[in-house]
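As a plain string of letters, each chain reads:
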Amino acid sequence: QVHLVESGGGLVQAGGSLRLSCAASENINVMGWHRQAPEKQREFVTTITSGGSTNYADSVKGRFTISRDNAENTVYLQMTSLKPEDTGVYYCFARIIRGSGWYSDYWGQGAQVTVSS
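Residues numbered from 1 in each chain as written. Predicted model: local features only at pLDDT ≥ 70, side-chain atom pairs only at ≥ 80, totals over all residues. Heavy atoms only, no water.

Engineer: Would you mind going over the pattern of salt bridges in detail, with residue names and values included?
Structural biologist: Pairing of side chains with opposite charge becomes possible as their charged atoms draw close. The tally for this structure, following the rule as stated, stands at 5 salt bridges. Asp86 serves as the salt-bridge partner of Arg63, at 2.7 Å between the closest nitrogen and oxygen. A residue pair is termed long-range when its members are at least 10 positions apart, and Arg63 in the loop between β6 (54-56) and β7 (64-69) and Asp86 in the loop between β8 (74-79) and β9 (88-99) qualify at 23 residues. Taken as a pair, Arg63 and Asp86 share a single burial class, namely buried. Ionic pairing is found between Asp105 and Arg95, a salt bridge with its closest N-O pair at 2.7 Å. (Salt bridge = Lys/Arg side-chain N within 4 Å of Asp/Glu carboxyl O. Helix = DSSP H or I, 4+ residues; strand = E, 2+ residues; numbered from the N terminus. Buried < 20%, exposed > 50% of the residue type's maximum accessible area, 1.4 Å probe, protein only.)

Following this line, the structure appears as structure tokens:
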């Protein structure tokens, strides 16, 4: 089974930076992060493909940068200009397409990001 080991997170003041990392047990084409604030639904943050194509939620565009090291099966999320509304648990994810419209999603254990005002 695919597993993801996530690291990073912490407590920073507004305007600060944090870096998250997520190491996968194998190479997976699509990886990224969702996040979940207390009392809120989990929301998309960003994705990156093995070819380097990226997508960002509008709320983080221009502040967050996702990258990956395919040789290490690791994806990184550099977060800058952090805002209190960025606070939440950040879950790394990976999606493997199985065929016939079926897929499998895998999730990291989550990293707490807290941004104080």
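So, next bit.
Engineer: Account for the state of the cysteines, naming residues and giving values.
Structural biologist: All told, the structure shown has 1 disulfide when counted by the stated rule. Paired by a disulfide, Cys22 and Cys92 hold their sulfur atoms 2.0 Å apart. The chirality of the disulfide connecting Cys22 with Cys92 is left-handed, given an S-S dihedral of about -85°. One end of the pair, Cys22, is in strand β3 (residues 18-24); the other, Cys92, is in strand β9, and 70 residues separate them in sequence. For the pair shown, Cys22 and Cys92 are each scored as buried. (Disulfide = S-S within 2.5 Å.)

Engineer: Please provide a residue-by-residue account of the nonpolar core, values included.
Structural biologist: One finds Leu4, Met31, Trp33, Met79 and Tyr90 to be the most contacted residues of the largest nonpolar core, which totals 29 residues. Elements supplying a minimum of two residues to this core: β3, β4 (30-36), β5 (43-49), β7, β8, β9 and β11 (111-116). Leaving out residues up to four positions away in the same chain, Tyr90 has contacts with Glu6, Leu20, Trp33, His34, Arg35, Val45, Phe64, Leu77, Met79, Gly110, Ala111 and Val113. (Core = buried A, V, L, I, M, F, W, Y, C linked by side-chain atoms within 4.5 Å. Contact = heavy atoms within 4.5 Å.)

Engineer: Describe the sheet that holds strand β1 (residues 4-7), and please don't skip the residues or the numbers.
Structural biologist: Pairing in this open sheet of 4 strands is antiparallel, and the strands run β1-β3-β8-β7 from one edge to the other. Because the sheet does not close on itself, it has two edges, and the strands there are β1 and β7. With strand direction ignored, the average angle separating the axes of adjacent strands in the sheet is 15°. (Pairing = 2+ DSSP bridges. Axes fitted to C-alpha atoms, helices over the stretch in contact; angles between N-to-C directions.)

Engineer: Describe in detail unusual backbone geometry, supporting the description with residues and values.
Structural biologist: Positive phi outside glycine occurs at Glu39, with the angle close to 65°. Counting through the fold element by element, Glu39 comes out in the loop between β4 and β5. A positive phi is found at Ser81, a non-glycine position, where the angle reads about 50°. Secondary-structure assignment places Ser81 in the loop between β8 and β9.

Engineer: Lay out the environment of Tyr103 with the relevant residues and their values.
Structural biologist: The residue Tyr103 is located in strand β10 (residues 102-107) in this model. Taking C-alpha positions, Tyr103 is 12 Å from Asn29, a pair spaced 74 residues apart along the chain.

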